[in-house]
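Residue strings, one per chain:
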Amino acid sequence: MGKRITITSRRRSISETLLGTTLEHASYQKVRLSELEHQDFPFADCKQLVTILLDIHSVIIDELDSLLTEIRKNPNDKEIQRDAEIGARRFGHLLAFLHSSLELLEFSGRSHISQGSVYLLGGLTSHFGRTERFILVPSYEFNYSYTDVLHHIIKATEDAIPAMQRKLGKDVNRIAVLSYPNVYRENVLSNCLLGHEVGHYVVEQAGLVRDLVAQIQLNSNLLQKVVDDYRRGRIGQTAISDFFATESVKAGIMQETSQTLTSWITELASDVFGFRTLGPVCLFALSKFLLALHNLDESTDDHPSARIRLSLLLDQFEKKGFANELKGVNDKDKKVANSILDYFDRLKVFISYPPGAPITPKNELLSDAITKLQDAITIAIDNTIDSNKYGFC
């Protein structure tokens, strides 16, 4: 007869297998990271992230080795075996998360990034501090985005490696990953939208949204229309008046509206930053991008409509004197200047057309509130740019 497998030996086998597999995974990822130390990156910040990830993987490997030694010394200790299984799963989840950062770095080398976009980002961030880092990476989604990858790494290591979590962020406050559509790899004109993504970083770092949210003013009549619309939508299901007082419904709507406006303020402030640092080219790129993807009046909880965003920048185009400057161009560049003016004039006419569908009470309330804040948004961005000397313009 074969040897009988006891519950204890089965648990020991599971623990060792889990730890061994996780250890192998960690070692393999560390090898890939070591290879990236020799990759030609356009930004030194990529090497900084490689170093951080290598340190984390070294700690993970040491922890797994320690757990493996412990269970082999105490094969019959159920508590140690159970702790080892938990540790293997915890570090396994962390490794899975860190793998996304590893893949990001593998696509951040010069062979994947155009030199024009590298120069553009370098100019946009030339006045940023020593502890602020940026990485540029192509995306296979048709979208531009900003992510503070170091923040997510610190959060992920919080439970698994508390000591490492405290060490991270000492020398580097943030590592911002800016992505752009891979189809625009060589399209520096479209990639001027990176100015908007850098704007997200600046807005977040300066804490502008908190101050602007405090200035939100909701029109009481429009708010009541939203409340009435909400109640009408529920009346067929139950006698809502028996359950919800008007003030309770209103409080919920105000909270929801405030959350949406917080996101909208962030987007508009980032738009203004891009425009103020790169000029009309950012407005041109944004108009092409938005109108290719969205209906003019389509908005979400995260983004205001193209009409709102483009209206704000067209207003800035006039107020900052770009229109008058282009009108004063003569000689060989006059034809180009007139073409630019003609494009923005046609854009202005297009967004002045009335909406094709009735605007909902909720969107009417949101649009009214964000319009009242536009001057405050532009002033806040202007002050931030001037005091920090950001950008090219």
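Residues numbered from 1 in each chain as written. Predicted model: local features only at pLDDT ≥ 70, side-chain atom pairs only at ≥ 80, totals over all residues. Heavy atoms only, no water.

Caption draft 1: Looking closely at the confidence of the model for the chain. Residues of the chain with pLDDT of at least 70 account for 90%, and the chain-wide mean is 87. Per-element confidence in the chain ranges from a low mean pLDDT of 69 for helix α6 (residues 162-167) to a high of 96 for helix α12 (residues 306-319). Between residues 1-12, whose pLDDT stays under 50, and residues either more than four places distant or in other chains, the model counts 10 contacts. (pLDDT = per-residue confidence, 0-100. Helix = DSSP H or I, 4+ residues; strand = E, 2+ residues; numbered from the N terminus. Contact = heavy atoms within 4.5 Å.)

Caption draft 2: Fine view of the nonpolar core. Ranked by internal contacts, the top residues of the largest apolar core, which has 106 residues, are I60, L105 and L283. No other element matches the 12 residues that helix α2 (residues 44-73) contributes to this core. Every residue in contact with I60, bar those within four places of it in the chain, is listed here: A26, F91, L94, L95, L98 and I161. The next biggest cluster of nonpolar side chains, apart from the first, holds 7 residues, and it includes L222, V226, V227 and V249. (Core = buried A, V, L, I, M, F, W, Y, C linked by side-chain atoms within 4.5 Å. Buried < 20%, exposed > 50% of the residue type's maximum accessible area, 1.4 Å probe, protein only.)

Caption draft 3: Geometry of the pattern of salt bridges. The full count for this structure, using the stated rule, is 20 salt bridges. One salt bridge connects K225 with E364, and the closest N-O pair in it is separated by 2.9 Å. Here K225, found in helix α9 (residues 220-234), pairs with E364, found in helix α15 (residues 361-388); they are 139 residues apart in sequence, far enough to count as distant. As a salt-bridge pair, D271 and R309 come within 2.8 Å of each other at their nearest N and O atoms. Of this pair, D271 sits in helix α10 (residues 246-278) while R309 sits in helix α12; the two residues are 38 residues apart in sequence, bridging distant segments of the chain. (Salt bridge = Lys/Arg side-chain N within 4 Å of Asp/Glu carboxyl O.)

Caption draft 4: Highlighting the pairing of strand β2 (residues 145-148). On β2, burial follows the alternation: Y146 and D148 on one face are buried, whereas S145 and T147 on the facing-out side are not. For β2 and strand β3 (residues 174-181), the ladder comprises 4 bridges, and the chain directions are antiparallel. Bridge pairing links D148 to A176 in β3. (Pairing = 2+ DSSP bridges.)

Caption draft 5: A look at helix α7 (residues 194-206). In this model, α7 (13 residues) spans 18 Å end to end at C-alpha, consistent with the 18 Å of a helix rising 1.5 Å per residue. In terms of residue burial, α7 counts as a mostly covered element, since 10 of its 13 residues are buried. Those residues of α7 lying buried are L194, G195, H196, E197, V198, G199, H200, Y201, V202 and V203. In the segment just after α7, G207 is the residue with positive phi, at about 65°. (Expected span 1.5 Å × (residues − 1).)

Caption draft 6: The environment of E103, seen in detail. Considering the arrangement of structural elements, one finds E103 in helix α3 (residues 78-106). When the C-alpha atoms of E103 and R32 are compared, they prove to be 9.8 Å apart, with 71 residues separating the residues in sequence.

Caption draft 7: Examining helix α11 (residues 280-293) more closely. Taking 1.5 Å as the rise per residue, α11 with 14 residues should run 20 Å; its terminal C-alpha atoms sit 20 Å apart, in good agreement. Listing the buried residues of α11 in full gives P280, C282, L283, A285, L286, S287, F289 and L290. Packed against the buried residues of α11 are α10, α12, α13 (322-327) and α14 (334-352).

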